[in-house]
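One letter stands for each residue in the lines below.
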Amino acid sequence: MTTLSIDSGDVKVIEKYAKTGFITDATTNPLFVSQAGSSGDPKLVDDAVAFALSSGERDESEIVALAIDALAVNLGASIASIVKGYISTEVNPKLAFDTEASVSRGRRIISMYENKGISKERILIKLPATWESILAAEILEKEGIQCNLTLIFSFVQAVVCAQRGAHLISPFPGRVLDWYKAKEGRTEPTEPENDEGVIVCKKIYNYYKKFGHDTICMPASWRPSRGPGYETDEILALSGTDRMTIPAPLLEKLEKSEETIPRVLDPVIAKSCDEKELGNGMLDEKEFRYLLNMDGCGNDKLAEGLRAFIAETEKLEEIIRAKVLQRSNQ
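Residues numbered from 1 in each chain as written. Predicted model: local features only at pLDDT ≥ 70, side-chain atom pairs only at ≥ 80, totals over all residues. Heavy atoms only, no water.

Draft legend 1. Focus on the overall build of the protein chain. Secondary structure assignment for the protein chain yields 14 helices and eight strands. Taking 20 Å as the expected radius of gyration for a compact globule of 330 residues, we find that the protein chain reaches 20 Å, a close match to that expectation. Its C-alpha atoms put the protein chain at 65 × 45 × 40 Å along the principal axes. Scored against the burial criterion, the 330 residues of the protein chain give a buried share of 53%. Intrachain contacts of the protein chain at a sequence separation of at least 6 include 71% that bridge at least 24 residues. Counting only carbon and sulfur atoms, one obtains 50% of the accessible surface of the protein chain, whose full area is about 14,700 Å². (Helix = DSSP H or I, 4+ residues; strand = E, 2+ residues; numbered from the N terminus. Rg over C-alpha atoms; globule rule 2.2 N^0.38 Å. Buried < 20%, exposed > 50% of the residue type's maximum accessible area, 1.4 Å probe, protein only. Contact = heavy atoms within 4.5 Å. Areas by Shrake-Rupley, 256 points an atom, 1.4 Å probe, with all protein chains shown as cover.)

Okay, here's the thing in structure tokens:
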């Protein structure tokens, strides 16, 4: 019905759930890579720094960038030995508005995986759903490099990702709910079917099925619609979606639950939804930017998400830079 991925950079946690058979994939993000750099397996970091220093690159910032990519790939490779499905590895979020650099970085990450004997068919290059990064994904997809477009908080982002051929998207229902609750000053519980994050994910799923888009809808980032004690509300309300990526604490709650989970989203029913096709099947840049700007949640949360991911990346850069200087002075 729905394929599950674990949202974690902790190899031991991933191994635990992979053994249960509940998950087949794993996703990482700049936070997980930053944690790997600061408190994870020292060998992953040391190997990444050594790789970057042996590359022949002279510019310090480029050495640091290469080491961070190598660290992300080292982490991904260790996960790939545990799960049998996709591994998502993110391009530096600082490149979110640079199509050419994002394409180059995506190709480099794939090459690094292939040098470790891991085929590109198992890797999803993770990019934030800005206009420039969506175009980068379009280029990479045409080269057979599959992409996961993340930081999706609006319907228009999802539509353009599909129109440009993205393999998979990661909308964030929990953060959408956060935005609406903050905007409206809501403190009372929300029924899952009225949860704005659930609503937009259902709309995306239905649109994809109705208009024949093969793009996979994989929601991530969850909140309890009805408050504490109902942590799996959004997950259950979106059962039947193509895939989900779920953190370990929520996987544990699902594992312990004895409730039967009814299917909510159905591809056949979705085809009869009343959604209208946007942009005659291909929105252009002006239309995308206008519609995203008019979506307060999408606009605000995309910027907020980028700032958070970039902040984690900058923390990691300082850690790696210090290690590079240390190794260089030995």
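There's more to say after this.
Draft legend 2. Focus on the sheet that holds strand β4 (residues 123-128). Spatially, eight strands are ordered β7-β6-β5-β4-β3-β2-β1-β8 in an open sheet, and the strand pairing comes out parallel. Of all strands in the sheet, those bounded by a partner on one side alone are β7 (216-217) and β8 (243-246). In terms of strand pairing, strand β2 (residues 25-27) meets strand β3 (residues 87-90) through two bridges, oriented parallel. Along β3, the bridge assignment pairs Ala-26 with Ile-87. (Pairing = 2+ DSSP bridges.)

Draft legend 3. Representation of the pairing of β4 in the model. With six of six residues buried, β4 lies mostly within the body of the structure. Burial of β4 is two-sided: the residues Ile-123, Ile-125 and Leu-127 facing one way and the residues Leu-124, Lys-126 and Pro-128 facing the other way are all buried. Note: β3 against β4, four bridges, orientation parallel. Bridge assignment links Glu-90 to a residue of β4, and that residue is Lys-126. With respect to chirality, the unit in which β3 leads through helix α5 (residues 99-115) into the neighbouring parallel β4 is right-handed. Inspection of the sheet shows β4 paired to strand β5 (residues 147-152) by four bridges, in the parallel sense. When the sheet's bridge partners are listed, Lys-126 is paired in β5 with Asn-148. Assessed by its sense of winding, the connection that carries the chain from β4 through helix α6 (residues 131-142) to β5 is right-handed. (Right-handed = clockwise from strand over helix to strand, strands pointing away.)

Draft legend 4. Here's a closer look at the environment of Glu-191. Mapped onto the elements, Glu-191 comes out in the loop between α8 (173-184) and α9 (196-210). Residues Glu-191 and Arg-226, 35 residues apart in the sequence, show an inter-C-alpha distance of 6.0 Å. Once residues lying within four places of it in the same chain are set aside, the contact partners of Glu-191 are Ser-225 and Arg-226.

Draft legend 5. Region of the structure containing the nonpolar core. Of all hydrophobic cores here, the largest spans 93 residues; its most connected members are Ile-125, Leu-127, Leu-149, Ile-169 and Ile-320. Here this core gets 13 residues from one element, more than from any other, and that element is helix α4 (residues 60-80). With residues near it in sequence (within four places) discarded, Ile-169 still touches Asn-148, Leu-149, Ile-152, Ala-158, Cys-161, Ile-204, Tyr-208, Thr-215, Ile-216, Cys-217 and Met-218. Grouped together as the second largest cluster of nonpolar side chains are five residues, Tyr-86, Leu-124, Leu-168 and Ile-216 included. (Core = buried A, V, L, I, M, F, W, Y, C linked by side-chain atoms within 4.5 Å.)

Draft legend 6. Structural detail: the pairing of strand β6 (residues 168-171). With burial as the criterion, each face of β6 is covered, one bearing Leu-168 and Ser-170 and the other bearing Ile-169 and Pro-171. In this structure, β5 lies alongside β6, joined through three bridges in parallel fashion. By the bridge assignment, Ile-152 is partnered in β6 with Pro-171. Read as a crossover between parallel neighbours, the route from β5 over helix α7 (residues 155-163) to β6 is right-handed. Examined bridge by bridge, β6 and β7 share two bridges and lie parallel to one another. Along β7, the bridge assignment pairs Leu-168 with Ile-216.

Draft legend 7. Fine view of helix α3 (residues 42-53). If you check α3, its first and last C-alpha atoms are 17 Å apart, about what twelve residues at 1.5 Å a residue would give, namely 16 Å. Along α3, the residues that are buried comprise Leu-44, Val-45, Ala-48, Val-49 and Ala-52. For α3, the arc enclosing every buried residue in end-on projection is 125 degrees, short of the 170-degree limit, so these residues lie on one face. Seen from the open side of α3, the exposed residues pointing more than 90 degrees away from its buried face are Pro-42 and Lys-43. (Expected span 1.5 Å × (residues − 1). Arc of directions from axis to C-beta.)

Any link to function would need more than the numbers given here.
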